[in-house]
Amino acid sequence: MYNNSVDIEHKVRKETGKHEISASIVTPFHGGYDILARTVASLSRQSYSKDLFEVIIVADANHAEAELVAERYKSEIEIKLVKIYNNNSFGPATSRNAGIHFAKGDVIVSLDSDMICPPSFLGSHMRWFHKSPKIATIGLRKFVKANNIQPEDIIRDFHVISSLPEICSISNTTTGSLRDKRIPQLKQFRIHPFPSNCFHGGNVAYWRDDALSVGLWDEDFNGNYGYEDIDFGQRLFQNHTNLIFENGATAYHQESNVVSPRERQKGLSINRIKLYERYPALARFRKDTLESI
C-alpha cells in the first residue's frame, strides 16, 4: 500500500543554508472556513522553498469550506484536498493517516487547522531533518484571538499576528495560564524521561518513513479527544527517534469551538485511561510529576 520510501541517509547532510528535503504539511479539518483560511494564508508565505513542500487539507466534514480555501490559495502553494466521508466520530488520527498516505514529502508536518505560522515556521522544523535521519521536532503554541484578522492581512504583514494579545485557551489549560503548559517541561527537555509527553499533534514534524515504521497514528483513539498524539510520540521515541524541541517553530493558535469544553474533558478522561494502560511508566510519571494535566 505504501511504496514511497526515500533514501534518507543520502539526503541528510550538514546544514548549508540550502533546502533539499521535501515536506508535506498535513492539516486535519472539521470546520471553520476563516480559521483554516488564516492558517493556509500563513503557509503561503513560508520562507522554505515552495517547490519543496505541499499542504494537504484532510476534511472529514464541511467539505465545501475546505474546497473554497484550497481553491483560494492553489496559485500560491501546492495544495491537495482529501475528503473523508462517513466519519461519524471525532477522528484526528484517521485524518492524519489519510494525509500521510497521499503525501509525497520526506517529512510530515502535522499541523492543526487553527495554527497561524510565521514565515520561518517550516524552515525551523526542517533544519533538524537536514542533520539527522532519526529525529522528530516539537513546536510551541501561542494562544491568540484572531477573529478580526483577515487572511490578506497575514499575507501583507505577518506582524499583525505577532502583535495580538495572548489569551487563555481551553486547549491549553484550565488554570488560566497564558503560556503553553509544556514550557516547564521543555526547559529541561534534554533530560526528560518521557519527551513524548510534550508531543502535541497540532505542531510536530517527523520522517514519513518513521511514521510508517511505527504503524501510523492509532485510530483506536478516535471518537474522543486527545492523547493519540502522545501515544504516537511515545512509539516514535521507543523506535529510537530523537524528539527535539524547536522554539523557532512556534505557531499562533486560534481559539475554535470544534470540540466543546465538556466534550473535550469527557474525551480526555476516556483516552487518558487508554494511554495509561499502554504505558504504565508514563502514567506514573504524569501522576507523580505533572498534576492537573
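Everything below is about the structure printed above this text.
Worth saying up front: this structure is predicted, and the values here are computed from it rather than measured.

What counts, and where the lines are drawn
Residues numbered from 1 in each chain as written. Predicted model: local features only at pLDDT ≥ 70, side-chain atom pairs only at ≥ 80, totals over all residues. Heavy atoms only, no water. Pairing = 2+ DSSP bridges. Helix = DSSP H or I, 4+ residues; strand = E, 2+ residues; numbered from the N terminus. Contact = heavy atoms within 4.5 Å. Buried < 20%, exposed > 50% of the residue type's maximum accessible area, 1.4 Å probe, protein only. Axes fitted to C-alpha atoms, helices over the stretch in contact; angles between N-to-C directions. Parallel < 35°, antiparallel > 145°, perpendicular 65-115°, else oblique. Left-handed = near helix turned anticlockwise from the far one by under 90°. Nonpolar A, V, L, I, M, F, W, Y, C, P; charged D, E, K, R; others polar.

(A) Focus on the sheet that holds strand 5 (residues 115-116). With mixed pairing, three strands are arranged side by side in an open sheet as 5-10-7. Looking at strand neighbours, the two that pair on one side only are strand 5 and strand 7 (141-144), the edges of this open sheet. In this sheet, strand 10 (residues 251-254) lies alongside strand 7 in parallel orientation, the contact comprising four bridges. Bridge pairing in strand 10 links Phe143 to His253.

(B) Looking closely at the side chain of Ser95. Counting through the fold element by element, Ser95 comes out in helix 4 (residues 92-102). Filtering out sequence-adjacent residues up to four positions away, Ser95 remains in contact with Val26, Pro28, Val58, Asp60 and Ile84.

(C) Looking closely at unusual backbone geometry. Positioned with a positive phi, Leu216 is a non-glycine residue whose angle comes to about 65 degrees. On the secondary structure map, Leu216 appears in the loop between helix 9 (208-213) and helix 10 (228-238). Leu216 sits in the buried class, given a relative accessible area of 10%.

(D) Molecular detail of the packing of helix 2 (residues 33-43) against helix 3 (residues 63-73). Look at helix 2 against helix 3: their axes get within 10 Å of each other, and the N-to-C directions meet at 25 degrees. Our classification of the angle between helix 2 and helix 3 gives roughly parallel. Both helix 2 and helix 3 take part in a crossing whose hand is right-handed. Contacts from Tyr33, Leu36, Ala37, Val40 and Ala41 in helix 2 reach Glu65, Ala66, Leu68, Val69, Arg72 and Tyr73 in helix 3. Each residue belonging to the contact of helix 2 with helix 3 can be placed in one class, and the counts come to nine nonpolar, no polar and two charged.

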